[in-house]
Protein chains: 2
Amino acid sequence: MDTTAGSVITVGLGGRSYPIHFGVDILGNLPRLAREAGLGGRAVIVTNETVGPLYCSAVVEVLEQGGIRTASLLLPDGEEHKHLGTIQRIIDFLLEQGADRRTWLVALGGGVIGDMVGFAAAVFLRGVPFVQVPTTLLAQVDSSVGGKTGVNHPSGKNLIGAFHQPRFVLVDVATLMTLPEREYLGGFAEVLKYGIVLDGTFFDYIEEHQRQILDRDRETLLQLTRRCCELKAMVVERDEREEGMRAVLNYGHTLGHAVEALTAYRSYTHGEAVAMGMVAATRVSAHFGCCSTAEAERVRRIIVASGLADRLPPFSRDEYRRAILKDKKMKEGALTLVLNEGIGGFRLQPVTDIDAILDVCGIGG
Amino acid sequence: MDTTAGSVITVGLGGRSYPIHFGVDILGNLPRLAREAGLGGRAVIVTNETVGPLYCSAVVEVLEQGGIRTASLLLPDGEEHKHLGTIQRIIDFLLEQGADRRTWLVALGGGVIGDMVGFAAAVFLRGVPFVQVPTTLLAQVDSSVGGKTGVNHPSGKNLIGAFHQPRFVLVDVATLMTLPEREYLGGFAEVLKYGIVLDGTFFDYIEEHQRQILDRDRETLLQLTRRCCELKAMVVERDEREEGMRAVLNYGHTLGHAVEALTAYRSYTHGEAVAMGMVAATRVSAHFGCCSTAEAERVRRIIVASGLADRLPPFSRDEYRRAILKDKKMKEGALTLVLNEGIGGFRLQPVTDIDAILDVCGIGG
């Protein structure tokens, strides 16, 4: 298989459809893909202080060689910078550079960069084009697909944002070779999520290829990222604005977000928190009769075997309850939980008795 | 004609279509209209320190009587508060109040309130519903129709924003009785704009009813606001995202925005600046052979007769040029001017030689 030739899938959203390109060492394709997407002669690359030194000069070089003028902005790295103030900073930079409606943005980095650059692109001049070049496993399989953009608020994650689809996404799995192990494993948690609630055969594949995945085998990573994006695209196509099915993607996220909020986004990566949330979700699923305890154990085992933690940090029940109640998925008093039906299916379960759920998760009074 | 019974037009935008209701003393209809629009039991009213004391308690009362829980936020009054910091403040308030995705916002006030509340609604939880209750003539005929929302940046007006359509608009012309004369005349400038570039018969009507308009006759105001909204709706339906025809609504705005920016939004109301810009635009139109000097004079005469200024403030050519070049309507070096074809028609005119245009407008070297 000639991987560097790349493969492509399409996220089908009518007039907002866009392609996701997969390959190894394919950053050089950027100018051609930009032309194919109808993007003009001026790009602003937004990245962070960690990813920038690794890939920004390469991206600048290929774009400039392709006849595209560029400017680059390096933001500080970290979820704590994902707030409205940084959006203001991106917009200040765009205006300093004389950006206009035909200028397009490149989000070069992980999920935080993608969410912020996408949101800045959504609101700058009421919307300019942007492309995603995700460089983390998490961003490649999750946050770069679906058009959700936004920033955090002290009260919770992603409370401010917009739906804004990229013109295309370029997934170069070679960029994963420089990813720190913790970041990589966090991304793996989201990969697992797709298997658990959407595709049992894919979950089998992950179990069988666990060694290659942990070794970051490029061929395996191409299969992995592509299947995740196919699954996410399928969900997003059916429910772009998160009015129904798209909620499945929040599997493990109710408690995951609570853990992140309770630890002020400092102790765990998003994926690590989601892994804990997924283990808890399997327990709740078993409690509701959606899966067997053996299936719940199968999920827990692969999480632990890959080096991720399965236990929720020891905050009090009150703290968890408050963190969950602040989450935006609460709709006038009823919380909708995503449960796994066996392995490979899901059910949306409205819940009013949060204490009973916390009991099942082993969160004491 | 039973005006209090109200009349209604529809802005046809597919799934985002919404009605505009017109009448005299019709604030009491709010709960019924909210129910018809499918809006739930919780509303947050956002207004300012000028409009709030006049109408907020009435709005709160009718909503609460209609079974809708309310909370109100009073913002400081003025264009200088139309920035991202105030959006943050609105969102802080929404979260303090425990707002969720079913909470809807009420923009009670003029264009600044409407633009900010609409933008906050667009980005809070990636989009919640909002309704417009415009209380200025400008907002009733212009800013409450079309879904443009946003805030200013030190570099220029409305550089940050989103397209977000309201669920409905309630135009109560009785609220215009408390409007200061300058604000009222500024709104009248935008009324004139519709006649000049979209409807010559409407321009005739305005000329013939100038006395009733200046006296704020309610019957005349109902005709006036309704016709302006019909014309704007027609334009927006054809070009929701401002990719073509919608530019006609910027007639008089290129120089108008420049005047506002040069005077730091302090010396003139938006409408006053647009009035000067329109007089300049008629001169440029005459220069390009789009209208006669008699037609240009007819526009200038009604502007002066209503008490609006027709002369641009004496900044240097360099200052005007720089202000125009910063305006977001510049696309890679070419400026598109909106000219009037006679009275009642328009032409979009690409211009590269800005100095020649400034000459025609009497702006010296």
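Residues numbered from 1 in each chain as written. Chains lettered and ligands numbered in written order. Predicted model: local features only at pLDDT ≥ 70, side-chain atom pairs only at ≥ 80, totals over all residues. Heavy atoms only, no water.

Engineer: Break down the interface of chain B and chain A for me, with residues and values.
Structural biologist: The interface is formed by 30 residues belonging to chain B together with 30 residues belonging to chain A. At the boundary of chain B and chain A, one finds zero salt bridges. Run the count over chain B and chain A and you get eight residue pairs in polar contact (both at pLDDT 80 or more). The leading source of residues in the side of chain B that touches chain A is strand S8 (residues 156-163) of chain B, at six residues. When its residues are assigned to classes, the side of chain B that touches chain A shows 13 nonpolar, six polar and eleven charged. (Contact = heavy atoms within 4.5 Å. Salt bridge = Lys/Arg side-chain N within 4 Å of Asp/Glu carboxyl O. Polar contact = N/O pair within 3.5 Å; in protein donor to acceptor, adjacent residues only side chain to side chain. Helix = DSSP H or I, 4+ residues; strand = E, 2+ residues; numbered from the N terminus. Nonpolar A, V, L, I, M, F, W, Y, C, P; charged D, E, K, R; others polar.)

Engineer: Talk me through the nonpolar core; I want residue IDs and the actual numbers.
Structural biologist: Core analysis: the biggest nonpolar cluster contains 63 residues, and Ile87, Phe119 and Val123 of chain A together with Ile87, Phe119 and Val123 of chain B have the highest contact counts within it. Per-element tally for this core: the top contributor is helix H4 (residues 111-123) of chain A, with nine residues. Not counting chain neighbours up to four residues away, the residues in contact with Ile87 of chain B comprise Met116, Phe119, Ala120, Val123 and Val151 of chain B. (Core = buried A, V, L, I, M, F, W, Y, C linked by side-chain atoms within 4.5 Å. Buried < 20%, exposed > 50% of the residue type's maximum accessible area, 1.4 Å probe, protein only.)

Engineer: Describe in detail the relation of the copies chain B and chain A, supporting the description with residues and values.
Structural biologist: Rotating chain B by 180° about the axis while translating it 0.0 Å along that axis superimposes it on chain A, leaving an RMSD of 0.0 Å. Such values leave the two copies arranged in the relation of a two-fold axis. Across chain B, the smallest distance between a C-alpha and the rotation axis is recorded for Leu84 of chain B, namely 4.0 Å. A high fraction, 100%, of the interface residues of chain B reappear at the interface in chain A, so the copies pair face to face through one surface. (Least-squares fit on C-alpha atoms with pLDDT ≥ 70 in both.)

Engineer: Can you break down the pairing of strand S8 (residues 156-163) of chain A residue by residue, with the values?
Structural biologist: All names here are of chain A. In terms of burial, S8 is a largely internal element, eight of the eight residues being buried. Looking at chain direction, strand S7 (residues 148-153) and S8 are connected through five bridges and run antiparallel. Bridge pairing in S8 links His153 to Gly156. (Pairing = 2+ DSSP bridges.)

Engineer: Tell me what's going on with a negative patch on the surface, and back it up with residues and numbers.
Structural biologist: Taken together, the side chains of Glu49, Asp77, Glu80 and Glu183 of chain A make up a negatively charged region of the molecular surface. For Glu80 of chain A, the location among the structural elements is in the loop between strand S4 (69-75) and helix H3 (84-96). (Patch = residues over 30% accessible without salt bridge, like charges linked within 9 Å, V, L, I, M, F, W, Y side chains within 5 Å. Areas by Shrake-Rupley, 256 points an atom, 1.4 Å probe, with all protein chains shown as cover. Lys, Arg positive; Asp, Glu negative; His and termini not counted. Charge placed at Lys NZ, Arg CZ, Asp CG, Glu CD.)

Engineer: I'd love a proper account of the pairing of strand S9 (residues 169-172) of chain B, names of residues and values included.
Structural biologist: Within a regular strand, the side chains alternate between the two sheet faces. Residues and elements named next belong to chain B. Of the two faces of S9, the one holding Val169 and Val171 and the one holding Leu170 and Asp172 are both buried throughout. Relative to S9, strand S2 (residues 18-23) runs parallel, the two sharing four bridges. Counterpart to His21 in the pairing with S9 is Leu170.

Engineer: With reference to specific residues and values, describe helix H9 (residues 218-238) of chain A.
Structural biologist: When the terminal C-alpha atoms of H9 of chain A are compared, their 30 Å separation across 21 residues agrees well with the 30 Å that a helix rising 1.5 Å per residue should span. When H9 of chain A is considered as a whole, its buried residues turn out to be Thr220, Leu221, Leu222, Leu224, Thr225, Cys228, Cys229, Leu231, Lys232, Ala233, Val235 and Val236 of chain A. (Expected span 1.5 Å × (residues − 1).)

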